[in-house]
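Below are the chains, spelled out letter by letter.
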Amino acid sequence: MASDESPGPQPTKPTRRTFLSAATVTAAAAATVPLLAEPAVAGGHGGDDGPGRPTRPQSPDRELRRLLDEVDQRRIEAIVRRLAAFGTRHTLSSQDDPQRGIGAARDWIHQQLQGYVAGSGGRLTVELQSYIQQSASRIPVPTRITNVVATLRGTTSPNRVYVITGHYDSRCTDVMDFSSDAPGADDDASGVAVLMELARVMSTRPIEATVVFAAVAGEEQNLYGSTYLAQQYKAAGTDIQGMFSNDIVGSSRADDGTRDPKSVRLFAEGVPTSETPGQASTRQSVGGENDSPSRQLARFVSDVADNSATGMNVRVIYRRDRYLRGSDHIAFLREGWPAGRFTEPNEDFAHQHQDVRVVDGKQFGDLPEFCDYGYITRVARVNAAVLWSLAQGPGTPKRATIVTTNLTNDTELRWERGTEPDLAGYEVLWRETTEPEWTHAIEVGDVTTVTIDLSKDNVFFGIRAVDRDGHRSPVAFPQPGS
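This is a predicted model, so every value here is computed, not measured.

Asker: Let's hear about the environment of Phe342: which residues, and what values?
Answerer: Position of Phe342 among the secondary structure elements: in strand β9 (residues 339-343). In this structure the C-alpha to C-alpha distance between Phe342 and Phe332, which are 10 residues apart in sequence, comes to 14 Å. Non-local contacts of Phe342, meaning those with residues more than four positions away in its chain, are made with Phe244, Ser245, Asn246, Asp247, Val249, Val264, Arg265, Leu266, Val301, Val382 and Asn383.

Pasting the structure below:
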């Protein structure tokens, strides 16, 4: 449980540098709401130069620390080596050979995930989600694409969903070569190992919101499996509030031999992939290029997973993905959901998308011996900290609005109250427009309207929810309205 040693805010006379009471409660009631959690740190800025107090990171609670301790490096290594042993997992490889090809890998993943169901108390379900992809880019003949999807249903907010993926297909130098060996240890047995291990440890305990662990296929051919998965969720009206692709998270060693074993990159887009012309016009008018839902999600990741409990530094990259590359999070960005891609800090391209061969004494190929299993384990802990904190905390506030119908030197904010049974209240965050991270947090209580004595023209505002245990949601960036 997050804790706070301060006695909470005390009633004071409002000034131009303190927030005004919410319109829906009395000033006294708003002032006596206890501070429920240490607000998230965001870059170490803040101070007594404006309303609120400096933001600080959300510390892992006791149950999360126990969960992180259960993540097992030996199991992760065993998963990577077993997947590599199928020879090739190319999307066009055999689907009925029991020893080699994508079909054998699919069935093994399904069997392993199915083995976690008994210990979940009925909360975990596993399915094979299949469709026939007609001839298209990198698909010369109609081909069955199958995702292995494990869903851990939430107990109190089951309709709020978070998704983690890794792709279990692989490739060699020629993306259309489905016969040669393509062990795909780093790309992307490592990501599949992360989601499978998290499905194992998280399914043994109840969580409030729903988490989906999906091993998807067809990524190397054109994101086919994740695109189908995202489209199915969209058609069902699923409330996906965060998605992460783990793709190439297997090694801490770069092509020049240098190592960075304590860092993981998180790619997070600024301008949303799904942005409409009307949304673009609004973004341009308010300067919201750095405040997309995906950027807010990335800030949340830094708050809850960049700490000693995971042993990792999360390096957020302000891009959708790397040059010339793209992963399964893009399929979810296209549907309008916040998403990001975890990947190793530096890459050795001799062990990605390469035929297995030796040239002048140098080994090429994506082989298990080039993976760093301690590193994959720490990446798994980063994902575990994020998913646990998202699922156990309240959802991101919806319909967040900054009122712009009048010319004033203060700021009125509105939002829709969440439905979580343990919801305790809300915090308003703000920062200077030149700051990349939130710097100040103001507790406003269990309200849906508040006026802050600070000009909306000069700073950026955000809103996040807080529950009774001190868990906080990602920040919602308010849109102009009335």
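From this point, things continue past the structure.
Asker: Go over the sheet that holds strand β12 (residues 398-403), please, and point to the residues and values.
Answerer: The 4 strands are arranged β16-β13-β12-β18 in an open sheet whose pairing can be described as mixed. Each edge of the open sheet carries a strand with a single partner, namely β16 (449-452) and β18 (479-481). Between one strand axis and the next, the sheet turns by 35° as a mean value, whatever way the strands run. Relative to β18, β12 runs parallel, the two sharing 3 bridges. Considered in β18, the bridge of Val403 is made with Gly481.

Asker: Give a description of the pattern of salt bridges that names residues and reports values.
Answerer: By the definition in use, this model includes 26 salt bridges. Arg200 is the partner of Glu197 in a salt bridge, and the nearest nitrogen-oxygen pair spans 2.7 Å. One end of the pair is Glu197 and the other is Arg200, both in helix α5 (residues 185-202) and 3 residues apart, which spans about a single turn. With respect to burial, Glu197 and Arg200 carry one shared label: buried.

Asker: I'd like to hear about the packing of aromatic side chains, residue by residue, with values.
Answerer: For the coordinates displayed, the defined rule picks out 5 aromatic pairs. Note on Phe332 and Trp337: the rings are 5.8 Å apart at their centroids and 45° apart in plane angle, and the pair reads as tilted. For Phe332, a relative accessible area of 0% gives the class buried. On the numbers, 5.8 Å between centres and 70° between planes, the contact of Phe460 with Phe477 is edge-to-face. Taken together, the positions of Phe460 in strand β17 (residues 459-467) and Phe477 in the loop between β17 and β18 put the pair 17 residues apart, joining distant regions of the chain. With respect to burial, Phe460 and Phe477 carry one shared label: buried. Stacked on the ring of Tyr318, the Lys or Arg Arg295 has its end atom at 4.0 Å from the ring centre. Positioned over the ring face of Phe364 is Lys362, at 5.8 Å from the centre of the ring.

The rules behind the values
Residues numbered from 1 in each chain as written. Predicted model: local features only at pLDDT ≥ 70, side-chain atom pairs only at ≥ 80, totals over all residues. Heavy atoms only, no water. Helix = DSSP H or I, 4+ residues; strand = E, 2+ residues; numbered from the N terminus. Contact = heavy atoms within 4.5 Å. Pairing = 2+ DSSP bridges. Axes fitted to C-alpha atoms, helices over the stretch in contact; angles between N-to-C directions. Salt bridge = Lys/Arg side-chain N within 4 Å of Asp/Glu carboxyl O. Buried < 20%, exposed > 50% of the residue type's maximum accessible area, 1.4 Å probe, protein only. Phe/Tyr/Trp six-rings, centres within 6.5 Å; stacked < 30°, edge-to-face > 60°. Lys NZ or Arg CZ within 6 Å of the ring centre and 35° of its normal.

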